[in-house]
Amino acid sequence: MESPGIILAFWVLSAITVAGCAMVLVARNLVHALVFLVLAFLGMAGLFLTLSADFLAVAQILIYAGSIAVLMVFAIMLTPLAARDNANSLYLLPALASGLGMAAIVSFVALVTPWAELKGDALAQNDPPTTVAAIGDLLLGRYVLPFEVASVLLFFALLGAIVLVHERGSRESQ
Amino acid sequence: MSSAADRRPATPMARQILEHHSLLSRARALPGEARFVLAVLTLGALVAGAGIGFLVVTGQLDGRWYDLRDLGNATAHFRGWTQRQGIHSAVPYLVTGLLGGIAILSLVGGWLVIGVWAERRLIAKFQIRQGPNRVGPFGLLQPLADAVKLLQKEVLIPIGADKLLFFLPPILIFIPAMLGWGPVPWAPKMSYADLNVGVVYTIAISSLGVLAVFLAGWSSNNHYALLGAMRTVAMMVSYEIPISISLLAIVLFTGSLQLSDIVAWQAQHNVWMIVLLPFGAFTFLFASTAEINRTPNDIGEAESEIVAGFHTEYSGMKAGLFLAVELGNALLVGAMMSTFFFGGYSLFGLERWIPGYLIMGAKTFLVYFGFVWLRATLPRFRLDQLMAFAWKFLIPLSIIQLLFVAVESMVVVQSGLPGIVTIGGSIIANAALTFVGVRAWANAIGYSPKEMASPPIMTNGVGGLRAAEQIRAAS
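Since this is a predicted model, take the numbers as computed values, not measurements.

### Quick notes on the overall build of chain B
Part 1 of the reasoning: For chain B, the count of helices and strands is 20 helices and 2 strands.
Part 2 of the reasoning: Put simply, chain B has 475 residues, and 44% of those count as buried.
Part 3 of the reasoning: Summed over all atoms, the accessible surface of chain B reaches about 24800 Å², with 70% contributed by carbon and sulfur.

### As for the overall build of chain A
Part 1 of the reasoning: Within chain A, the secondary structure is distributed over 8 helices and 0 strands.
Part 2 of the reasoning: Going from N to C terminus, chain A has its helices and strands arranged as α-α-α-α-α-α-α-α.
Part 3 of the reasoning: Residues counted as buried form 22% of the 174 residues belonging to chain A.
Part 4 of the reasoning: Sequence separation of at least 24 residues holds for 54% of the intrachain contacts in chain A that already meet a minimum separation of 6.
Part 5 of the reasoning: When the accessible area of chain A is evaluated, it comes to approximately 12600 Å², of which 75% is carbon and sulfur surface.

### Description of the environment of Ile205(B)
Residue and element names in this part refer to chain B.
Part 1 of the reasoning: When you line up the elements, Ile205 lands in helix H10 (residues 198-219).
Part 2 of the reasoning: Separated by 26 residues in the primary sequence, Ile205 and Leu179 place their C-alpha atoms 7.2 Å from one another.
Part 3 of the reasoning: Beyond its immediate sequence surroundings of up to four residues, Ile205 is in contact with Pro176, Leu179 and Gly180.

### Overview of the interface of chain B and chain A
Part 1 of the reasoning: Counting from both sides, the interface comprises 25 residues of chain B and, opposite them, 23 residues of chain A.
Part 2 of the reasoning: In this assembly, chain B packs against chain A so that about 2100 Å² is buried in total across both faces, 81% of it on carbon and sulfur atoms.
Part 3 of the reasoning: It is Val197(B), Leu211(B) and Trp218(B) that lose the most area in chain B upon contact with chain A, and together they represent 26% of the buried surface on that side.
Part 4 of the reasoning: Mapped onto the side of chain B that touches chain A, the elements with two or more residues apiece are H10 and helix H11 (223-254) of chain B.
Part 5 of the reasoning: In terms of residues, the side of chain B that touches chain A owes the most to one element, H10(B), which gives 12 residues.
Part 6 of the reasoning: Broken down by class, the residue content of the side of chain B that touches chain A amounts to 19 nonpolar, 5 polar and 1 charged.

### Here's the deal with helix H4 (residues 32-57) of chain B
Part 1 of the reasoning: Over its 26 residues, H4(B) extends 37 Å from the first C-alpha to the last, a length consistent with the 38 Å expected when each residue adds 1.5 Å.
Part 2 of the reasoning: Just beyond H4(B), the residue with positive phi is Gly59(B), at close to 75 degrees.

### Some points on the side chain of Gln258(B)
All names here are of chain B.
Part 1 of the reasoning: The topology assignment puts Gln258 in the loop between H11 and helix H12 (259-269).
Part 2 of the reasoning: A polar atom in the side chain of Gln258 sits 3.2 Å from the side chain of Asp194.
Part 3 of the reasoning: Leave out the neighbours within four places in its chain, and Gln258 touches Asp194, Leu195 and Asn196.

### As for empty space enclosed by the protein
Residue and element names in this part refer to chain B.
Part 1 of the reasoning: Taken as a whole and assessed by the stated rule, the structure comprises 2 cavities of 30 Å³ or more.
Part 2 of the reasoning: By volume, the largest cavity is sized at about 490 Å³.
Part 3 of the reasoning: Lining the largest cavity are 28 residues, with Ser206, Glu291, Ile292, Asn329 and Val333 sitting closest to its centre.
Part 4 of the reasoning: Where the lining of the largest cavity is concerned, the elements lending two or more residues are helix H9 (169-179), H10, H11, helix H14 (278-291) and helix H16 (316-340).
Part 5 of the reasoning: When residues in the lining of the largest cavity are grouped by element, the largest group, 7 residues, is from H16.
Part 6 of the reasoning: Quantified by volume, the second largest cavity comes out at close to 50 Å³.
Part 7 of the reasoning: In terms of lining, the second largest cavity is formed by Phe279, Leu397, Ile400, Gln401, Leu433, Thr434, Gly437 and Val438.
Part 8 of the reasoning: If you list the elements that add at least two residues to the lining of the second largest cavity, you get helix H18 (383-414) and helix H19 (419-444).

### Brief notes about the pattern of salt bridges
If charged atoms from side chains of opposite charge come close, those side chains can pair.
All names here are of chain B.
Part 1 of the reasoning: On inspection of all chains with the given rule, the structure shows 2 salt bridges over all chains.
Part 2 of the reasoning: The partner of Glu119 in a salt bridge is Arg375, and the shortest N-O contact between them spans 2.5 Å. Pair noted here: Glu119 is in helix H6 (residues 90-126) and Arg375 is in helix H17 (residues 356-377), with a separation of 256 residues, a long-range link.
Part 3 of the reasoning: Here Asp146 makes a salt bridge to Arg120, at a shortest N to O gap of 3.6 Å. You can see Asp146 sitting in helix H7 (residues 142-152) and its partner Arg120 sitting in helix H6, a full 26 residues away along the chain.

### Side note on the packing of aromatic side chains
Part 1 of the reasoning: For the structure shown, the criterion picks out 22 aromatic pairs over all chains.
Part 2 of the reasoning: What links up through ring pairs into an aromatic cluster is the set Tyr239(B), Phe279(B), Phe282(B), Phe286(B), Phe389(B) and Phe393(B).

### A look at the packing of H9(B) against H10(B)
Residues and elements named next belong to chain B.
Part 1 of the reasoning: Look at H9 against H10: their axes get within 8 Å of each other, and the N-to-C directions meet at 165 degrees. As summarised for this structure, H9 and H10 are arranged roughly antiparallel, according to the angle between their axes. In terms of crossing hand, the pair formed by H9 and H10 is left-handed. Residue-level contacts link Pro169, Leu172, Ile173, Pro176 and Leu179 of H9 to Tyr201, Ile205, Leu208, Gly209, Ala212, Val213, Leu215 and Ala216 of H10.
Part 2 of the reasoning: A per-class count over the contact of H9 with H10 returns 12 nonpolar, 1 polar and no charged.

### So, the nonpolar core
All names here are of chain B.
Part 1 of the reasoning: Within the largest apolar cluster, 101 residues are counted, with the highest numbers of intra-cluster contacts made by Trp181, Val199, Tyr239, Phe340 and Phe341.
Part 2 of the reasoning: Ignoring any residue separated from it by four or fewer positions in sequence, one finds Tyr239 in contact with Phe286, Ala287, Ala290, Glu291, Leu386, Phe389, Ala390 and Leu394.
Part 3 of the reasoning: Core analysis: the next-biggest nonpolar cluster, separate from the first, contains 13 residues, Phe166, Val213, Ala216 and Ala319 among them.

### Observations regarding the side chain of Ser260(B)
Residue and element names in this part refer to chain B.
Part 1 of the reasoning: On the secondary structure map, Ser260 appears in helix H12.
Part 2 of the reasoning: Given a relative accessible area of 9%, Ser260 falls into the buried group.
Part 3 of the reasoning: Aside from chain neighbours lying at most four places away, what touches Ser260 is Pro185, Asp194 and Tyr345.

### Section: H11(B)
Residues and elements named next belong to chain B.
Part 1 of the reasoning: For H11, built from 32 residues, the straight-helix expectation of 46 Å at 1.5 Å per residue is met to within 8% by its first-to-last C-alpha distance of 46 Å.
Part 2 of the reasoning: Burial analysis of H11 places 23 of its 32 residues in the buried class, the great majority of the element.
Part 3 of the reasoning: The residue sitting at the N-terminus of H11 and contributing the capping side-chain oxygen is Asn222; that oxygen lies 2.7 Å from the backbone nitrogen of Tyr224.

What counts and how
- Residues numbered from 1 in each chain as written.
- Chains lettered and ligands numbered in written order.
- Predicted model: local features only at pLDDT ≥ 70, side-chain atom pairs only at ≥ 80, totals over all residues.
- Heavy atoms only, no water.
- Helix = DSSP H or I, 4+ residues; strand = E, 2+ residues; numbered from the N terminus.
- Buried < 20%, exposed > 50% of the residue type's maximum accessible area, 1.4 Å probe, protein only.
- Areas by Shrake-Rupley, 256 points an atom, 1.4 Å probe, with all protein chains shown as cover.
- Contact = heavy atoms within 4.5 Å.
- Buried area = accessible area lost by both parts, 1.4 Å probe.
- Nonpolar A, V, L, I, M, F, W, Y, C, P; charged D, E, K, R; others polar.
- Expected span 1.5 Å × (residues − 1).
- Polar contact = N/O pair within 3.5 Å; in protein donor to acceptor, adjacent residues only side chain to side chain.
- 1 Å grid on protein atoms, 1.4 Å probe; cavity = no way out; pocket = protein on both sides within 12 Å on 5 of 7 lines; lining within 4 Å.
- Points joined across faces, edges and corners; volume = space filled by probe spheres on them.
- Salt bridge = Lys/Arg side-chain N within 4 Å of Asp/Glu carboxyl O.
- Phe/Tyr/Trp six-rings, centres within 6.5 Å; stacked < 30°, edge-to-face > 60°.
- Axes fitted to C-alpha atoms, helices over the stretch in contact; angles between N-to-C directions.
- Parallel < 35°, antiparallel > 145°, perpendicular 65-115°, else oblique.
- Left-handed = near helix turned anticlockwise from the far one by under 90°.
- Core = buried A, V, L, I, M, F, W, Y, C linked by side-chain atoms within 4.5 Å.

Here it is in structure tokens:
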């Protein structure tokens, strides 16, 4: 974290991320908001890169900037109220409340976590060449239960989506 | 004004076929001085090649900075020199980073100029036409003329368009097409950014283009553009899954997400992934043609149905950028295909003598030639056929193959048997899975090739080459 390049990158990427998030709130057009959200996601990926979290950065681009953005595209296209020039904000208070709640939880976790602060040679020694193996070990070892719960949840979400859109033609014809 | 009278008139196809000369006959028809110069040049090239070959075989190049078999050597020497001189360690990174970036840009940019001509000429050959042959010798200056025309054209913005989002997509779509070249290994030590997570990076970068396509279609405020964009987005989202799963199978075998490791594994075991994973290779090839909107999967910009798809409203150089990105992406997929499935820079030990980037380039262009072949041969699929093929066929079979590969890779790594047994067994198992699995699955989802179509009719059957031969014989 000492090198000037990293510090410069941190400030530039933070500015991009924060500006992107602010523009998401300000933009009245939903598709514009989506583009700024993707910008914020990319800034986050850059921040992960400065922390040498290579896998996390690429996963951020793949999942958030790539897939979640496309998911939101479909959501916008399929929602009648969210057509062009939409300016309605129906859920302002619940959105604010849940946003503040999330911010509180994340700040609390960040504050109580005992961060290992390393510098110089100690940092260089503890900086693994790649984080993929470590993440894989943790996901299928220590955190295997949350991992499996998440996959079961996603599987049920998939099933639920299929059930919701399934045409019950055969039952109605009976 | 004599040139107008001398110029060959636009002739019907039959006459053009008659006038078609082979390369050899063209060379024979050259004047004596030109043949002498050509012979001297050829002889010089042969002598120079023999000299370089002698240097390489006797090992006099090993470890020198001018060892051009791997440009990584020069970089390493430059880095060592800057360290000895006490220059800041950021300097070699900056210099080599800039040089590498310029190299990638000029490779792709050069191909955008030559590729238009090459592709049109090749497709013309496939369809027994002449192709562009008016501008310059062999029509070589055609791409330049096209580019000048595109630059001169007015860039129109429709009244109903979203100004900001209409401006962005040509740029947004260009960035991933360049970034994708980063982790491609050109030689053992020669790679622009040899990332630890290269495979995931490749998938992530390719998924960034989807949003640009959607924005282009949405902001145009045009029915055809929006239709094309939604088609393209649906197709790209669907085909990302089989691509990821087939790449995952490779990762299981090689045990690394690093592209250079994947190539090194193939070189070490003397086996190409296309032999080991034939179904994965087919999935990757087919799905990447969908990702980059090329025939047979170019339904997103089907010219005959929805004008040009998501870039209908773009004109001038902006439309040119979309077309250019398409061409560059085809080359990028060729490079990925040769890295993942055709052994990259390795060629069964030959990479010790021949520069790896030449082998890699040759493979890349061969795969690209395959794409042009497909484009010249196949009609396009209907949208529902394409989506059904991805979801009902490619994805389930890819997952089954992934399960097979998971077991096989454990056997390869942990059984302790010699590689020829384990890898050979895997090759047989995967080939059997491909053969049996494809047939069985096709039967299971109710597609039986026997009941469906008539056998394919070759060009010969409907005129084509036979007609050409008859014309030749008649004259």
